[in-house]
Amino acid sequence: TLQKTPQAGAYTSLYCATQPIESKHYGKYFVNSQPQTLLNPQAHHPKEAQKLWDVSCKWVGISDATAHTVPNYNSISNGKINK
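Residues numbered from 1 in each chain as written. Predicted model: local features only at pLDDT ≥ 70, side-chain atom pairs only at ≥ 80, totals over all residues. Heavy atoms only, no water.

### Some words on the overall build of the protein chain
The cut-off we apply is this: Numbering goes from the N terminus for both helices and strands, where a helix is a DSSP run of H or I of at least four residues and a strand is a run of E of at least two. Each residue is placed in one exposure class: buried if its accessible area under a 1.4 Å probe, protein chains only, is under 20% of its type's maximum, exposed if it is over 50%, and partly exposed if it falls in between. A contact between two residues is defined here by any heavy atoms of the two lying within 4.5 Å. Computed with a 1.4 Å probe, the accessible areas rest on the Shrake-Rupley method; for each residue, only the protein chains presented here act as cover.
On a plain count of helices and strands, the protein chain comes out with 2 helices and 4 strands. The helix and strand sequence of the protein chain, counted from the amino end, reads α-β-β-α-β-β. Across the 83 residues in the protein chain, those meeting the buried criterion constitute 8%. Sequence separation of at least 24 residues holds for 18% of the intrachain contacts in the protein chain that already meet a minimum separation of 6. Carbon together with sulfur atoms contributes 57% to the accessible area of the protein chain, which is approximately 7100 Å² in total.

### Some words on the packing of aromatic side chains
How we decide: Planes of paired rings set the category: under 30 degrees apart is stacked, over 60 is edge-to-face and the rest tilted, where pairs are Phe, Tyr or Trp rings (Trp by its six-membered ring) whose centres lie within 6.5 Å.
Per the counting criterion, the structure on display carries 1 aromatic pair. For the pair Tyr 15 and Phe 30, a centre-to-centre distance of 6.0 Å together with 55 degrees between the ring planes defines the contact as tilted. In this pair, Tyr 15 sits in helix H1 (residues 6–17) while Phe 30 sits in strand S1 (residues 29–31), placing the two residues 15 residues apart along the sequence. Assessed through its relative accessible area of 15%, Phe 30 is described here as buried.

### Some details on the environment of Ala 8
When you line up the elements, Ala 8 lands in helix H1. Residue Ala 8 is classed as partly exposed on the basis of its relative accessible area of 36%.

### Regarding the pattern of salt bridges
Opposite charge on two side chains permits them to pair, given that their charged atoms come into close proximity. Here is the rule we go by: Here, a salt bridge means any Lys or Arg side-chain nitrogen found within 4 Å of an Asp or Glu carboxyl oxygen.
All told, the structure shown has 1 salt bridge when counted by the stated rule. For Lys 51, the salt bridge goes to Glu 48, with nearest N and O atoms at 3.4 Å. Highlighted residues: Lys 51 and Glu 48, both in helix H2 (residues 46–59), separated by 3 residues, approximately one helical turn. Relative accessible area serves as the criterion here: at 33%, Glu 48 is assigned to the partly exposed category.

### Observations concerning unusual backbone geometry
Positive phi values are uncommon outside glycine, yet Asn 32 reaches one of about 50 degrees. By relative accessible area, which is 49% here, Asn 32 ends up partly exposed. In this structure, Ser 33 takes a positive phi of about 65 degrees despite not being glycine. With respect to the helices and strands, Ser 33 occurs in the loop between S1 and strand S2 (34–36).

Below, the structure written as structure tokens:
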């Protein structure tokens with residue numbers, strides 16, 4: 001079928017939410033509980049990520065977007081994201 005039951009639809013979100021922060025897949029995109037490769041090279045471009053972060057901060061009302069930086073999900077130690 002083309003549609004999932006509510007339980008099946010929630011499974012990937014629950015799977016990701018319950019993974020330990022030290023998981024090697026932290027910050028990745030998942031489909032059916034499996035990490036996916038992002039095909040668009042801009043998805044891995046730090047300057048573009050920062051621009052998106054800044055615009056998102058502005059849209060949600062965070063006044064000092066320059067004080068916030070995009071989390072570096074590839075740099076995790078002791079359960080904390082290193083910025």
